[in-house]
Amino acid sequence: MTRKGFNARPRKDALALLSARILHNTTVVAATLGSMVGNGIRHYRVSSSIFPCVTDATLHMTVADLPDIDAIRANLRGAGNLARAMSISLSCHPDQFNVLSSYNPLTVERSIKELNHQSAVLDMLGCAQDLSSPMCLHLNKTPDLKCETVHDYRERFLSSLSRCNAGVRARLVLENEDKGYWTTQQLHCWFGAHRALVYDNLHDKCNPSIDENVAVPLFRQTWGNHTPVFHWSEGTAAKPRSHAGRASHMPAIVSANSDCIWEVELKDKDYAICEILNTLI
């Protein structure tokens, strides 16, 4: 449901419809987890769209306003228990509009609200507030070196992060970008002592710096005793930065680090994953 769709109905009806859709979404999460083990999949990225509209400040609502909130919480609690029983790890990847380093205070406020919500969803799933259920974020803004230093940029980001709830602060990890300043080298240089880092092989190919065989061990170290969650994809011939539908090969860096969790970011999603499991591993 969109803001326009919500506002097109009387508020009580809109809340009821929204709540029913969110309840359905949580049912789908549980059903998806139940189907994964038979397909050999042991990791699941929780969608950031399970709760549409609830963080839209113009709609003035919280999850507590949803008529089905008790059933929604029960569904998520059951899904989390199922994941742990089947040794399926969970993560999330909040959308790119979350920019803690923004110069715009309103953007920062919206980002904090959304990240707090996404962390609360992981809490409802029963996830520990640590790197076993990471929340991956892009920095999404290149430092303006004409008016600030990279140190100033980092401190602005960390200051915004400090205003997030404890779950966000414990779970948030940062990913190298496919363009701009935040290559693997710069990300590790400026944030490796502050945050766990996510290596994305396609982004590294599009925005290279240090060799991948140097970058990946550096990124792994930032995770401490937790299993790193990295990203594996490949681009298309026409648009190298756009994700392909299926994998054409197993990257050497993935094979060499098979004890890490590699989230597959290919457009065909579960079809692509099953093809990888059947033909490339």
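Residues numbered from 1 in each chain as written. Predicted model: local features only at pLDDT ≥ 70, side-chain atom pairs only at ≥ 80, totals over all residues. Heavy atoms only, no water.

Observations regarding the nonpolar core
Right, so step 1: Counting residues in each nonpolar core, the largest one holds 77 residues, and the members touching the most others are Leu33, Phe51, Phe157 and Phe191.
Right, so step 2: Ignoring anything within four residues of it in the chain, the contact list for phenylalanine 157 reads Leu100, Ser101, Leu137, Leu139, Leu172, Leu174 and Phe191. (Core = buried A, V, L, I, M, F, W, Y, C linked by side-chain atoms within 4.5 Å. Buried < 20%, exposed > 50% of the residue type's maximum accessible area, 1.4 Å probe, protein only. Contact = heavy atoms within 4.5 Å.)

Structural notes on helix α5 (residues 150-162)
Right, so step 1: Under the 1.5 Å per step criterion, the end-to-end length of α5 is 18 Å for 13 residues, consistent within 8% with the ideal 18 Å.
Right, so step 2: Burial in α5 covers these residues: Val150, Tyr153, Arg154, Arg156, Phe157, Leu158, Ser160 and Leu161. (Helix = DSSP H or I, 4+ residues; strand = E, 2+ residues; numbered from the N terminus. Expected span 1.5 Å × (residues − 1).)

Some remarks on the state of the cysteines
Right, so step 1: Inspection of the entire model under this criterion finds zero disulfides.
Right, so step 2: Cysteine 53 forms no disulfide, and the closest cysteine sulfur to it belongs to cysteine 92, at a distance of 19 Å. (Disulfide = S-S within 2.5 Å.)

Points about the pairing of strand β3 (residues 135-138)
Right, so step 1: What you see with β3 is no split at all: Met135 and Leu137 on one side and Cys136 and His138 on the other are buried throughout.
Right, so step 2: Where β3 lies against strand β4 (residues 172-175), four bridges are found, and the strand directions are parallel. Of the residues in β4, the one forming a bridge with cysteine 136 is valine 173. (Pairing = 2+ DSSP bridges.)

Here's the deal with the packing of aromatic side chains
Right, so step 1: Tallied over the entire structure, the rule returns eight aromatic pairs.
Right, so step 2: On the numbers, 5.4 Å between centres and 65° between planes, the contact of tryptophan 182 with phenylalanine 191 is edge-to-face. Each member of the pair, tryptophan 182 as well as phenylalanine 191, carries the same accessibility label: buried.
Right, so step 3: An aromatic cluster is built from Tyr153, Phe157, Tyr181, Trp182 and Phe191, whose rings are joined through pairwise contacts. (Phe/Tyr/Trp six-rings, centres within 6.5 Å; stacked < 30°, edge-to-face > 60°.)

Quick word on the pattern of salt bridges
Right, so step 1: Tallying each qualifying case throughout the model produces eleven salt bridges.
Right, so step 2: Across the pair glutamate 265 and arginine 45 runs a salt bridge, and its minimum N-O distance is 2.7 Å. With glutamate 265 in the loop between β7 (261-264) and α11 (269-279) and arginine 45 in strand β1 (residues 43-46), the pair connects residues that are 220 residues apart, well separated along the chain.
Right, so step 3: The class for glutamate 265 is buried, based on a relative accessible area of 10%.
Right, so step 4: One salt bridge connects arginine 241 with aspartate 178, and the closest N-O pair in it is separated by 3.3 Å. Within this pair, whereas arginine 241 is found in the loop between β6 (229-232) and α10 (252-256), its partner aspartate 178 is found in the loop between β4 and α7 (184-191), the two being separated by 63 residues in sequence.
Right, so step 5: Several salt bridges share partner residues, and in doing so they unite Arg45, Glu263 and Glu265 into one network. (Salt bridge = Lys/Arg side-chain N within 4 Å of Asp/Glu carboxyl O.)

Here we look at unusual backbone geometry
Right, so step 1: Here histidine 60, not a glycine, exhibits a phi torsion of approximately 50°, which is positive.
Right, so step 2: Structurally, histidine 60 is set in the loop between β1 and α3 (69-85).
Right, so step 3: A relative accessible area of 64% places histidine 60 in the exposed class.
Right, so step 4: Residue serine 87 is not a glycine yet carries a positive backbone phi of 55°.
Right, so step 5: By secondary structure assignment, the location of serine 87 is in the loop between α3 and β2 (89-92).
Right, so step 6: Serine 87 sits in the exposed class, given a relative accessible area of 55%.

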